[in-house]
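# Survey of secondary and tertiary structure
Here is what each chain is made of, one letter per residue.
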Amino acid sequence: MNIIDKLWNLGANTLPFIIVLTVIVFIHEMGHFLIARYNGVQVKTFSIGIGPELCGWTDKKGTRWRLSLLPFGGYVMMLGDDDATSVKADLSNVREEDKSKTLTSKTPFQRMAISFGGPLFNILLTIFITLGMGFFKGIPDSVPKIQEIMQDSPAQKAGLAVGDVILSLNDAEVRTLSQLPTVLKRFAGKNVTLVVQRGEEKVTLPLALYETTTEGKTVIKHSLGVTLGGELIFEQATFLQAFAYSLSYCWNMTTNTVNALIGSFTGKSGAKLGSVFSIGSAAKKTMSQGALSVLNFIGMLSFSLAFFNLLPIPALDGGSIFLNGLETILRRPLSENFIEWSYRIGLGCVALLMLWSLRNDFVHFHFVDGIVNFFKSIFR
């Protein structure tokens with residue numbers, strides 16, 4: 001496949017991503033919008049997309065609802081804002097009776113609440129989706145099927161094989177992948193009887209969850225030393241169990257995103273920060289797997305958007321919260337020069353993150369090799 005074909009396919013991948021992103025951005029901006037109006041701030045513009053307006057209307061309260069040309073992102077612009085980043089503006093053109101409706105007229109805590117509204121609504125969307133899926137469909141899990149066995153591991157010494165499905169350890173039944181760590185912890189350091197499904201038959205194997213070193217020391221093992229993963233299954237759950245799963249999902253998303261960020265810059269993690277191309281590729285694959293997978297993807301992407309927006313970088317919601325928090329601590333307004341330079345540095349950091357994610361996708365999708373081969377074919 002040449003570079004033209006690759007770019008065409010990756011361009012096609014962005015369409016599902018744009019559809020999903022539009023939903024998530026609308027929820028995000030609605031969070032800012034509702035909390036701003038609750039605090040008496042007049043919203044001038046609610047835009048899905050950026051750039052020139054394609055179509056729109058103005059509501060009774062003077063808010064211009066618009067669909068813009070470039071479908072990447074969106075913004076809410078409030079009275080007194082110079083631009084969509086809500087940097088402090090010159091209010092000389094704002095009527096005296098309207099100045100109380102500007103964002104800058106509000107207390108730091110009100111401004112923090114408005115900034116937090118977008119990420120909050122994204123987190124609530126993720127919780128709503130995962131809670132609904134967990135309660136109505138069941139908590140997603142997978143069959144504990146062995147995909148890979150590590151060298152000199154308890155699994156290898158016990159005679160386990162790739163493709164075996166773990167059924168039980170002693171008297172403890174193992175139906176799902178998530179149950180296995182608890183069961184292994186219970187029997188760590190002991191000899192147990194392991195039952196697996198191998199093809200059409202059940203096989204019983206002796207398993208030692210410990211190891212004796214050459215010095216005679218006993219090393220307790222809490223894992224089998226395998227990679228597991230089987231077909232997706234759903235465990236029926238109560239509302240409280242589904243809610244606990246939803247919170248656990250958000251926590252796991254947080255740790256995974258942090259690891260991806262660290263791994264992107266250090267190379268010490270397999271996970272890498274991806275750009276619109278890798279997200280679009282995942283969206284296209286997800287949309288071919290049914291409505292449940294699409295909902296799960298929306299929840300995942302919504303939480304990711306909330307996480308990145310809460311980073312304490314000026315120009316992001318987290319940066320606005322940080323600056324208003326700093327103003328609260330100092331008990332005086334921050335200088336306009338300080339705010340301006342903070343936003344410049346913040347925009348630089350955001351640009352760096354975007355460029356780095358593009359770099360990761362260039363490596364992942366072999367863009368550079370494709371471009372080199374393309375020009376070689378032209379000048380050959």
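Our structure is the block above this text.
Residues numbered from 1 in each chain as written. Predicted model: local features only at pLDDT ≥ 70, side-chain atom pairs only at ≥ 80, totals over all residues. Heavy atoms only, no water.

With that settled, consider the pattern of salt bridges. Applying the stated criterion across every chain yields a total of 12 salt bridges. Note that Arg95 is salt-bridged to Asp98, the shortest N-O span being 2.8 Å. Owing to a relative accessible area of 52%, Arg95 belongs among the exposed residues under this scheme. Residue class for Asp98 comes out buried when judged on its relative accessible area of 11%. Here Glu235 ties to Arg175 by a salt bridge, and the two come within 2.8 Å at their closest N and O atoms. Of this pair, Glu235 sits in strand β12 (residues 232-235) while Arg175 sits in the loop between β6 (172-173) and α4 (180-187), and the two are 60 residues apart along the sequence. What makes Glu235 partly exposed here is its relative accessible area of 25%. Arg175 gets classed as partly exposed once you look at its relative accessible area, which sits at 40%. (Salt bridge = Lys/Arg side-chain N within 4 Å of Asp/Glu carboxyl O. Buried < 20%, exposed > 50% of the residue type's maximum accessible area, 1.4 Å probe, protein only. Helix = DSSP H or I, 4+ residues; strand = E, 2+ residues; numbered from the N terminus.)

With that out of the way, let us pick up unusual backbone geometry. Negative phi is the rule for most residues except glycine; trans is the rule for most peptide bonds. One non-glycine residue, Asp152, lies in the positive phi region at around 60°. Relative to the helices and strands, Asp152 is located in the loop between β4 (146-149) and α3 (154-158). In this structure, Asn170 is a non-glycine residue whose phi angle is positive, near 50°. Its place among the elements puts Asn170 in the loop between β5 (165-169) and β6.

Relative to the helices and strands, Asn309 is located in helix α7 (residues 291-309). Linking Asn309 and Ser115, residues 194 residues apart in sequence, is a C-alpha distance of 9.5 Å. Look past the residues within four positions of Asn309 in its chain and what remains in contact with it is His28, Pro119, Leu316, Asp317 and Gly318. (Contact = heavy atoms within 4.5 Å.)

This part takes up the pairing of strand β8 (residues 201-208). Relative to β8, strand β7 (residues 191-198) runs antiparallel, the two being bridged by eight bridges. Opposite Val195, over in β8, you have Thr204 as the bridge partner. Counted between consecutive antiparallel strands, the loop separating β7 from β8 contains two residues, among which Gly199 sits at a positive phi close to 70°. (Pairing = 2+ DSSP bridges.)

In this structure, Phe33, Phe46, Met78, Ile114 and Ile298 are the most contacted members of the largest nonpolar core, which totals 25 residues. If you list the elements that add at least two residues to this core, you get α1 (3-38), β1 (43-58), β2 (64-78), α2 (108-137) and α7. Broken down by element, this core gets its largest block of residues, nine residues, from α1. Apart from the residues within four sequence positions on either side, Ile298 is in contact with Val20, Ile24, Leu125 and Ile129. In terms of nonpolar packing, the next biggest core, distinct from the first, is built from 21 residues, Ile166, Phe187, Leu209 and Leu224 among them. (Core = buried A, V, L, I, M, F, W, Y, C linked by side-chain atoms within 4.5 Å.)

This model, assessed by the stated rule, comprises nine aromatic pairs. Measuring from ring centre to ring centre gives 5.7 Å for Phe33 and Phe46, while their planes differ by 80°; the resulting arrangement is edge-to-face. Here Phe46 lies in strand β1 and Phe33 lies in helix α1, a separation of 13 residues in the sequence. Of the two residues, Phe33 and Phe46, neither departs from the other in class, the shared state being buried. Residues Phe135 and Phe239 carry aromatic rings whose centres are separated by 5.9 Å and whose planes lie at 75° to one another, so their mutual orientation is edge-to-face. Highlighted residues: Phe135 in helix α2 and Phe239 in helix α5 (residues 239-266), separated in sequence by 104 residues. For Phe239, a relative accessible area of 46% puts it in the partly exposed group. In this structure an aromatic cluster arises from ring pairing among Phe26, Phe33, Phe46, Trp57 and Trp65. (Phe/Tyr/Trp six-rings, centres within 6.5 Å; stacked < 30°, edge-to-face > 60°.)

Our next topic: α4. Turning to α4, its buried residues are Leu180, Val183, Leu184 and Phe187. Taken down its axis, α4 places every buried residue within 100° of arc, on the same side. Counted as exposed and oriented over 90 degrees from the buried face of α4: Pro181, Thr182 and Lys185. Buried residues in α4 make contact with β5, β6, β7 and β11 (226-228). (Arc of directions from axis to C-beta.)

As a further point, take the sheet that holds β5. Reading across from one edge, β6-β5-β7-β8 is the order of the four strands in this open sheet, with antiparallel pairing throughout. The sheet terminates laterally at β6 and β8, the two strands that pair on one side only. Two strands pair when backbone bridges link them, and β5 and β6 are joined in this way by two bridges, in the antiparallel orientation. When the sheet's bridge partners are listed, Ser168 is paired in β6 with Glu173.

Across the interface, α2 lies against helix α8 (residues 317-330) with an axial gap of 9 Å and an inter-helix angle of 165°. Taken together, α2 and α8 sit at an angle that is classed as roughly antiparallel. Between α2 and α8 the crossing geometry is left-handed. Along its contact with α2, which presents Pro108, Phe109, Arg111, Met112, Ser115, Phe116 and Pro119, the element α8 presents Asp317, Ser320, Ile321, Asn324, Gly325, Glu327 and Thr328. Of the residues in the contact of α2 with α8, the class split is six nonpolar, five polar and three charged. (Axes fitted to C-alpha atoms, helices over the stretch in contact; angles between N-to-C directions. Parallel < 35°, antiparallel > 145°, perpendicular 65-115°, else oblique. Left-handed = near helix turned anticlockwise from the far one by under 90°. Nonpolar A, V, L, I, M, F, W, Y, C, P; charged D, E, K, R; others polar.)

With that settled, consider α8. The end-to-end C-alpha distance of α8, which contains 14 residues, comes to 20 Å, matching closely the 20 Å that a straight helix rising 1.5 Å per residue would cover. Of the residues making up α8, those classed as buried are Asp317, Gly318, Gly319, Ser320, Ile321, Leu323, Asn324, Gly325 and Glu327. Two residues or fewer after α8 comes Arg331, characterised by a positive phi angle close to 60°. (Expected span 1.5 Å × (residues − 1).)

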